[in-house]
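The primary structure of each chain is shown beneath.
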Protein chains: 4
Amino acid sequence: MITQNPRYRESVRRIFEKARFTEDLGLELTEMGPGWCESSLSVAPRHLQQDGYVHAGVQATIADHTAGGAAGTLLREDQIVLTVEFKINLLRPAVGDLLRCRATVLRQGRSLLVAESEVFASSGSEEKLVAKATATLAALKGK
Amino acid sequence: MITQNPRYRESVRRIFEKARFTEDLGLELTEMGPGWCESSLSVAPRHLQQDGYVHAGVQATIADHTAGGAAGTLLREDQIVLTVEFKINLLRPAVGDLLRCRATVLRQGRSLLVAESEVFASSGSEEKLVAKATATLAALKGK
Amino acid sequence: MITQNPRYRESVRRIFEKARFTEDLGLELTEMGPGWCESSLSVAPRHLQQDGYVHAGVQATIADHTAGGAAGTLLREDQIVLTVEFKINLLRPAVGDLLRCRATVLRQGRSLLVAESEVFASSGSEEKLVAKATATLAALKGK
Amino acid sequence: MITQNPRYRESVRRIFEKARFTEDLGLELTEMGPGWCESSLSVAPRHLQQDGYVHAGVQATIADHTAGGAAGTLLREDQIVLTVEFKINLLRPAVGDLLRCRATVLRQGRSLLVAESEVFASSGSEEKLVAKATATLAALKGK
C-alpha cells in the first residue's frame, strides 16, 4: 500500500480528534501505517446493552471508524473519507475491559477503498475476536 | 406476524430502558406493534463525525437497536435477542435535527429473525432516507 | 427516479442478453421502469444445491443481476454498471418452480447507486419471499 | 478448530458432488482441513457478464459454496449446512483463466458458524484477490 500523503499521520489523527462521537465514546487511536490503523476503547458501563454485553453499535462504531482511519492513511491531503456501507458479524457476546480494533485496507481504488476490521475483547491477558467487519469507503474532495 | 408474548410492549421497553449505550445516546422508543418498532434521536453535536455529519456508528446503532426492538415484539417472554450480524448502506451524508428509524421483521424463524431498518433524517418537515440496514438476530433463552 | 437515457430499455436488455452467465442460467428480463427491474427464472434441477433447495448462488446471481438492471435504467447511454458489493439474506430454503426478482433503486448518486432486490419463489399460485439483498453498484464509463 | 466428524472429508465431498448448480458451473473441491476448504474454477465464456468480466454471481456462488464446505468440515455427520446470509465485496473486475477460493471458519458456534472466503483470479502465475465475502451458516439436522 502506498500513501499519497507524506503527512498522513496528521490527517488520521484529525479523523479521530475531530469526531465528536468517537471522542465521547472514548475511542483512542493507538497506531497506524500505510493501509492500516489500530484503536482501543476502555469498556465502561455506558457501552453496554440491556443484557450486559458491549453494544453491537459500539463494536460497529469502532470497526467503521478504524476502517476510516486505515483508508485515511492512503488518501491525498485534500481528501476526506465517508463510509458507503459496512457489514459486521458479531461473533460472540462481547465482554471484557478493553476492546482493540485493527483495520486493514484490502483494496485501494481511485475513489473507493475496501477495508476490513477485526474487533478483539480482552479481560486481563486473554484476547478474543468478537467481531469482524468489511467496509466500503469513498474518498471525496474535502471542503 | 404473530407475537408469542401478550406483554411484548414491556419486553421491548426493557430493551430500550436497560441498554446503557442507547440511553446515553438519547435514543427513544416511539412506537411498536407485532413485527415492527420505531425510535427517534434528537441530533446533538456529540453525535457527529469529523466533517459534521451524523456518525455512521450512530446510524448503525439506531438501525441495530430498533431491529432488536422489532424482533423483541415477537419473542417469548423468557427470550432475549442478540444481533448476529447486520449490514448498513449509508445512502447520503446524514444532516438534520432528528433521526427516525423504523424496523420491520422480514422473517420470523424459530431461533433466527431477519429485520430491516430504515433511518430517516429531517430538518423541519422534510425527511430523507439516509441509511438502510438488514440484520440477522438470534432469539436466545434469557438468564 | 429520473433516467438520463431515453433508450434505457435497450441498454437494460443488453445487460441481460450479453451476459453469458445469466443467459445460461435461464434468467429472463420481464419488466422495467425508471429505477426498477424485474426478472424471472424457471427452476430446473441444475439450479439446486446438495439438499434439493435452489442454490444460494442462484438466488444471489438473480438478486445481483436484477439490481444491475434497475441501476441500468437510470444510467447514461455511455455508462456501464459494475457491482461493488452486495449482501443477501436467505430467508427460508427456496423451493418451487419459479423464481421472481424485483429490484428497486434506493439511492441514485453520481457514480454510485444502491439498490435492493427481493427474490420470491412460487409453486402454483402461492409466492413466498425467499431472499432479500442490497447492492452497491458503480456507474462507469463504458468502453 | 475441532471437527466433530472423523469422516468429514466424505461429507464435504458430498457437498460438492451432490450440488447440481456448482457441478454444472465446474467448481472443483481442491483441498480441505478442519475449519477450511479450497476450491477452483476454470473460467469459460459461460461464466462472464455483459462486459467480459467473471459475473459477480459466479464469484458469489464460489465464495458461498466454499464457505459451506469449510463449515462442513466441522459439523457432525448427521448435520447439513445452509447459508443464512453472506456479503461479498467485488474488489476489482475479475479477469483470468482460473478462480481459486479459500474459505476459513472464523467462529464455530453450536448452531451457527461464520466463515470468510477469498476469491483469487489468475492468468499464468500472477494471482489477484478479486473478492472477499463473509457468510453466516446454519448447522441443521439432516434428513
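Now for a description of the structure that goes with this document. Since this is a predicted model, take the numbers as computed values, not measurements.

1. Considerations on the interface of chain A and chain B
Interfaces are frequently sized by the accessible area removed from exposure as the parts join. Counting residues at the interface gives 33 residues for chain A, matched by 33 residues for chain B. Elements with a minimum of two residues in the side of chain A that touches chain B: helix 1 (8-17), helix 2 (20-25), helix 3 (56-72) and strand 3 (79-90) of chain A. Counting residues per element, the side of chain A that touches chain B draws most heavily on strand 3 of chain A, which supplies 10 residues. Its residues assigned to classes, the side of chain A that touches chain B comprises 15 nonpolar, 9 polar and 9 charged. In terms of strand pairing, strand 3 of chain A meets strand 3 (residues 79-90) of chain B through 5 bridges, oriented antiparallel. Counterpart to Phe86(A) in the pairing with strand 3 of chain B is Ile88(B).

2. Details of the interface of chain D and chain C
With 33 residues of chain D at the contact, the number on the chain C side is 33 residues. Elements with a minimum of two residues in the side of chain D that touches chain C: helix 1 (8-17), helix 2 (20-25), helix 3 (56-72) and strand 3 (79-90) of chain D. The element contributing the most residues to the side of chain D that touches chain C is strand 3 of chain D, with 10 residues. Looking at the side of chain D that touches chain C residue by residue, the class counts come to 15 nonpolar, 9 polar and 9 charged.

3. Describing the packing of helix 1 (residues 8-17) of chain C against helix 3 (residues 56-72) of chain C
Packed helix pairs are specified by the crossing angle of their axes together with the interaxial distance, meaning the distance between the axes. Residue and element names in this part refer to chain C. Two elements in contact, helix 1 and helix 3, have axes separated by 9 Å at closest approach and are oriented at 160 degrees. With respect to each other, helix 1 and helix 3 are oriented roughly antiparallel. Both helix 1 and helix 3 take part in a crossing whose hand is right-handed. Contact residues: Tyr 8, Ser 11, Val 12, Ile 15 and Phe 16 in helix 1; Gly 68, Gly 69 and Gly 72 in helix 3. Of the residues belonging to the contact of helix 1 with helix 3, the class tally is 4 nonpolar, 4 polar and no charged.

4. Brief notes about the relation of the copies chain A and chain B
In screw terms, the move from chain A to chain B is a rotation of 180 degrees and a rise of 0.0 Å along the axis, fitting with an RMSD of 0.0 Å. The operation mapping one copy onto its partner corresponds to a two-fold rotation axis. Within chain A, Lys87(A) has its C-alpha nearest the rotation axis, a separation of 2.0 Å. A shared interface surface links the copies, since 100% of the contact residues of chain A are contact residues in chain B too.

5. Brief notes about helix 1 of chain D
All names here are of chain D. All buried positions along helix 1 are accounted for by Ser 11, Val 12, Ile 15 and Phe 16. For helix 1, the angular spread of buried residues about the axis comes to 140 degrees, placing them on one side. Away from the buried face of helix 1 by more than 90 degrees, exposed residues Glu 10 and Glu 17 are located. Of the surrounding elements, those touching the buried residues of helix 1 are helix 2, strand 1 (28-33), strand 2 (36-42) and helix 3.

6. Concerning the sheet that holds strand 5 (residues 112-123) of chain B
The strand order across the open sheet formed by 12 strands is 1(A)-2(A)-4(A)-5(A)-6(A)-3(A)-3(B)-6(B)-5(B)-4(B)-2(B)-1(B), and the pairing between neighbours is antiparallel. Only two strands of the sheet have a single partner each, and these edge strands are strand 1 (28-33) of chain A together with strand 1 (28-33) of chain B. This sheet shows a mean twist of 25 degrees between the axes of neighbouring strands, independent of strand direction. Where strand 5 (residues 112-123) of chain A lies against strand 6 (residues 126-141) of chain A, 12 bridges are found, and the strand directions are antiparallel. In the sheet register, Ser122(A) faces strand 6 of chain A, and the bridge partner there is Glu127(A). Strands strand 1 and strand 2 (36-42) of chain A of the sheet are contacted by helix 1 of chain A, whose axis makes an angle of about 155 degrees with strand 1 of chain A. Running at roughly 155 degrees to strand 1 of chain B, helix 1 (residues 8-17) of chain B makes contact with strand 1 and strand 2 (36-42) of chain B of the sheet.

7. A short note on helix 3 of chain A
Between the first and last C-alpha of helix 3 of chain A there are 24 Å, a value that for 17 residues agrees with the 24 Å anticipated at 1.5 Å per step. Of all 17 residues that make up helix 3 of chain A, 17 are buried, and the element is covered over most of its length.

8. What about the sheet that holds strand 5 (residues 112-123) of chain D?
Pairing is antiparallel in the open sheet, where 12 strands are placed in the order 1(C)-2(C)-4(C)-5(C)-6(C)-3(C)-3(D)-6(D)-5(D)-4(D)-2(D)-1(D). The open sheet has two edge strands, strand 1 (28-33) of chain C together with strand 1 of chain D, and neither has a second partner. Within this sheet the neighbouring strands show an average axis-to-axis angle of 25 degrees, counted without direction. As defined by bridge partners, strand 3 (residues 79-90) of chain C adjoins strand 6 (residues 126-141) of chain C across 11 bridges and the pair is classed as antiparallel. Paired with Leu90(C) across the strands is Ala131(C), a residue of strand 6 of chain C. Contacting strand 1 and strand 2 (36-42) of chain C, helix 1 of chain C runs over the sheet at an angle of about 155 degrees to strand 1 of chain C. On top of the sheet, helix 3 of chain C reaches strand 1, strand 2, strand 3, strand 4 (98-108), strand 5 (112-123) and strand 6 of chain C together with strand 3 of chain D; it is set at about 140 degrees to strand 3 of chain C, its chief contact.

9. Section: the environment of Arg13(D)
All names here are of chain D. Summarising the element assignment, Arg 13 is placed in helix 1. By the C-beta count within 10 Å, which is 15 here, Arg 13 ends up partly exposed. Residues Arg 13 and Thr 73 lie 60 residues apart in sequence; the distance between their C-alpha atoms is 9.9 Å.

Analysis parameters
- Residues numbered from 1 in each chain as written.
- Chains lettered and ligands numbered in written order.
- Predicted model: local features only at pLDDT ≥ 70, side-chain atom pairs only at ≥ 80, totals over all residues.
- Contact = placed C-beta atoms within 7 Å.
- Helix = DSSP H or I, 4+ residues; strand = E, 2+ residues; numbered from the N terminus.
- Nonpolar A, V, L, I, M, F, W, Y, C, P; charged D, E, K, R; others polar.
- Pairing = 2+ DSSP bridges.
- Axes fitted to C-alpha atoms, helices over the stretch in contact; angles between N-to-C directions.
- Parallel < 35°, antiparallel > 145°, perpendicular 65-115°, else oblique.
- Left-handed = near helix turned anticlockwise from the far one by under 90°.
- Least-squares fit on C-alpha atoms with pLDDT ≥ 70 in both.
- Buried ≥ 20, exposed ≤ 12 C-beta atoms within 10 Å, placed from the backbone.
- Arc of directions from axis to C-beta.
- Expected span 1.5 Å × (residues − 1).

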